[in-house]
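# Examination of the molecular architecture
Read off the chains here:
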Amino acid sequence: MTGRPPKPTARQISEGDPRKYGVHRLEQKLETEPKAARGLPKCPSHLKGRARRVWKFWREELQAMNLDCRPDAQMLEGACVAYEAAVDAYETIQKQGRLVAKRVLDPETNKLVVVNVKPHPAVAQGNAAWALLKAFCSEFGLSPVSRTRLAIDRPAAGEADLMEILSRPRERRPEPSTEVVQ
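Residues numbered from 1 in each chain as written. Predicted model: local features only at pLDDT ≥ 70, side-chain atom pairs only at ≥ 80, totals over all residues. Heavy atoms only, no water.

## Regarding the overall build of the chain
Selection rule: Helical segments are the DSSP runs of H or I of at least four residues, strand segments are the runs of E of at least two, and each set is numbered from the N terminus. The classification of residues rests on relative accessible area computed with a 1.4 Å probe and restricted to protein chains. Under 20% of the type maximum is buried, over 50% is exposed, and intermediate values are partly exposed. For this analysis, residues touch if any pair of their heavy atoms sits within 4.5 Å. Only the protein chains shown count as covering a residue, and every accessible area follows the Shrake-Rupley method with a 1.4 Å probe.
The secondary structure content of the chain amounts to 7 helices and 2 strands. Going through the 182 residues of the chain one by one, you find that 22% of them count as buried. Counting contacts in the chain only where the partners sit at least 6 residues apart, residues at least 24 apart contribute 54% of the total. Of the roughly 14600 Å² of accessible surface on the chain, a fraction of 54% belongs to carbon and sulfur atoms.

## Some thoughts on the confidence of the model for the chain
Put simply, the rule reads: Along the chain, pLDDT gives the predictor's confidence residue by residue, from 0 to 100.
Here the chain averages 81 in pLDDT, and 81% of its residues register 70 or above. No element of the chain has a lower mean pLDDT than helix α6 (residues 144-150), which averages 64, and none a higher one than helix α4 (residues 73-96), which averages 94.

## Quick look at the pattern of salt bridges
Quick note on the threshold: By convention in these notes, a salt bridge is any Lys or Arg side-chain nitrogen within 4 Å of a carboxyl oxygen on Asp or Glu.
Inspection of every chain in the model, using the stated rule, returns 3 salt bridges. Note that Arg38 and Asp68 form a salt bridge whose closest N and O atoms lie 2.9 Å from each other. Of this pair, Arg38 sits in the loop between α2 (23-32) and α3 (49-64) while Asp68 sits in the loop between α3 and α4, placing them 30 residues apart in sequence. By relative accessible area, Arg38 is classed as partly exposed at 46%. With a closest N to O distance of 3.0 Å, Arg50 and Asp88 form a salt bridge.

The following block contains the structure:
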């Protein structure tokens, strides 16, 4: 798919329907959209150490934002694995350095000589893991920008009552009677 991903229907409604699609049509569309079951399952048993801790942390955060849906468990698992891979690559780079030197034995001096220097393979692996993690986090609203995109303004209690009254269909007024009272 090219271009921007479509906005969620609830967000279109909260923004005031900028495309002028029609609030009632959007509300009908929102009612017909499938609703996922709430609550993420327990952490998968194969996640260990850092990935397990990240699962528990993100699970609590998603619950606090009311974004914890059961079908998203596999995506969250992928985010945890990507995070663990990114941090592992970072630790490898910290231990072994960013560059790898190729050394060859010089037959004349009988010493090792550096012939070629190239980036450590963990650099590319880490970059790919961080990019994948960023994609997962933006889907879940776990980055600052994606949280602002997911924000839905909730009216205050008094405003909700007013909005309910204003959103009701108009009631027809009784036609004035033609009787003359004397």
